[in-house]
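The residues making up each chain are set out below.
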Amino acid sequence: MILKPTDLPGIAEITPTRFGDHRGYFSEVFKDHWFRENVADVGFVQDNQSLSREVGTLRGLHFQLEPFAQGKLVRVLNGSIFDVAVDIRTGSPDYGRWVGVTLTAEEGNQLWIPPGFAHGFLTLEANTLIHYKVTAPYSGAHDRGLRWNDPSIAIAWPDVSAGFTLSAKDEVQPFLTDLEPAFTYTSDDT
Ligand SMILES: Cc1cn([C@H]2C[C@H](O)[C@@H](COP(=O)(O)OP(=O)(O)O[C@H]3O[C@@H](C)C(=O)[C@@H](O)[C@H]3O)O2)c(=O)[nH]c1=O
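Predicted, not measured: the structure shown is a model, and the values here were computed from it.

A. Summary view of the site of the ligand. Around the ligand, a shell composed of Asn48, Ser50, Arg59, Gly60, His62, Lys72, His119, Gly120, Phe121, Tyr138 and Ser167 is seen. Elements that contribute at least two residues to the shell around the ligand include exactly strand S5 (46–52), strand S6 (58–64) and strand S12 (117–123). Of the residues that constitute the shell around the ligand, the class distribution is two nonpolar, seven polar and two charged.

The following block contains the structure:
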């Protein structure tokens, strides 16, 4: 496993080793012990999969409130995405800052997004299939969002000529300035 920090403290890119031979490859894509030792001492309780048919499908930005706040470990099984995390921890030196990493099925790279960050992604290819592990179960009552194109965050989403496809919910998510404080930064945070 190759662990690479990103420009946003707390967000890490992980690329599992692939052992290739004439048949294809073998790869350990998640190892509990390694993850706890090297990334975050968390347990995952739910695995999610989503398929986006159109290139330019944008899901997010999403997070869940406590006590169902989720850390997410995201990877792509088919196609590719521009995966984004935004720091929404009140008092954080990085509050409102974002980072984006291209994740591809070809490379098999993953992004770790701890609780305290809003998450979203844009598909860069048709029929992109993603898989992600989460550290808390889904709770619709705790599900919250942040506007994907909030000018105060100014995420540089890649240009996809097809235009963006969003859910009705995501078209009208609140702006950062209107968010109820959901997370508080502490110096123990990574
Ligand atoms: C996320 C989720 C959704 N659902 C249901 C609710 C709804 O009926 C349907 C579709 O939900 P959504 O529109 O919220 O799906 P989606 O827009 O794909 O939501 C996901 O977006 C990405 C960016 C994330 O970070 C995820 O945590 C999650 O919020 O699936 C579950 O049953 N369990 C879950 O864990």
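B. Quick look at the sheet that holds strand S2 (residues 12–15). Pairing is antiparallel in the open sheet, where six strands are placed in the order S1-S2-S11-S7-S13-S5. In this open sheet, the two edge strands, each paired with only one partner strand, are strand S1 (2–5) and S5. Between one strand axis and the next, the sheet turns by 25° as a mean value, whatever way the strands run. Where strand S7 (residues 72–78) and strand S13 (residues 128–134) come together, six bridges link them in antiparallel fashion.

C. Region of the structure containing the nonpolar core. Ile11, Ala85, Val86 and Phe117 are the most contacted members of the largest nonpolar core, which totals 33 residues. Mapped by element, the contributors of at least two residues to this core are S2, S6, S7, strand S8 (80–87), strand S10 (98–104), strand S11 (110–113), S12 and S13. Not counting chain neighbours up to four residues away, the residues in contact with Ile11 comprise Thr6, Ala85, Val99, Leu111, Trp112, Ile113 and Phe117.

D. Layout of the environment of Asp87. In this structure, Asp87 sits in strand S8. According to the C-beta neighbour criterion, Asp87 is buried, with 24 such atoms within 10 Å. For Asp87 and Pro115, which are 28 residues apart along the polypeptide, the C-alpha to C-alpha distance reads 9.4 Å. Those residues in contact with Asp87 that lie beyond four places of it in its chain are Leu8, Ser92, Asp94, Tyr95, Gly96, Arg97, Gly116 and Phe117.

E. Layout of the sheet that holds S8. With respect to topology, five strands assemble into an open sheet ordered S10-S8-S12-S6-S14, the strand pairing being antiparallel. The sheet is open, and its two edges are formed by S10 and strand S14 (143–145), each paired on a single side. Neighbour to neighbour, the strand axes of the sheet diverge by 30° on average, direction disregarded. Sheet analysis places S6 next to S14, joined by three bridges and oriented antiparallel.

F. Examining unusual backbone geometry more closely. Omega for the bond connecting Gly60 with Leu61 falls within 30 degrees of zero, at 0°, which places this linkage in the cis form. Considering the arrangement of structural elements, one finds Leu61 in strand S6. Cis peptide bonds are those with omega within 30 degrees of zero, and the linkage from Glu66 to Pro67 qualifies with 5°. Positionally, Pro67 belongs in the loop between S6 and S7. A positive phi angle, close to 55°, is found at Asn127, a residue other than glycine. Inspection of the secondary structure assignment puts Asn127 in the loop between S12 and S13.

Reading the values: rules and limits
Residues numbered from 1 in each chain as written. Predicted model: local features only at pLDDT ≥ 70, side-chain atom pairs only at ≥ 80, totals over all residues. Near = placed C-beta within 6 Å. Helix = DSSP H or I, 4+ residues; strand = E, 2+ residues; numbered from the N terminus. Nonpolar A, V, L, I, M, F, W, Y, C, P; charged D, E, K, R; others polar. Pairing = 2+ DSSP bridges. Axes fitted to C-alpha atoms, helices over the stretch in contact; angles between N-to-C directions. Core = buried A, V, L, I, M, F, W, Y, C linked by C-beta atoms within 7 Å. Buried ≥ 20, exposed ≤ 12 C-beta atoms within 10 Å, placed from the backbone. Contact = placed C-beta atoms within 7 Å.

That's the geometry; what it means functionally is another story.
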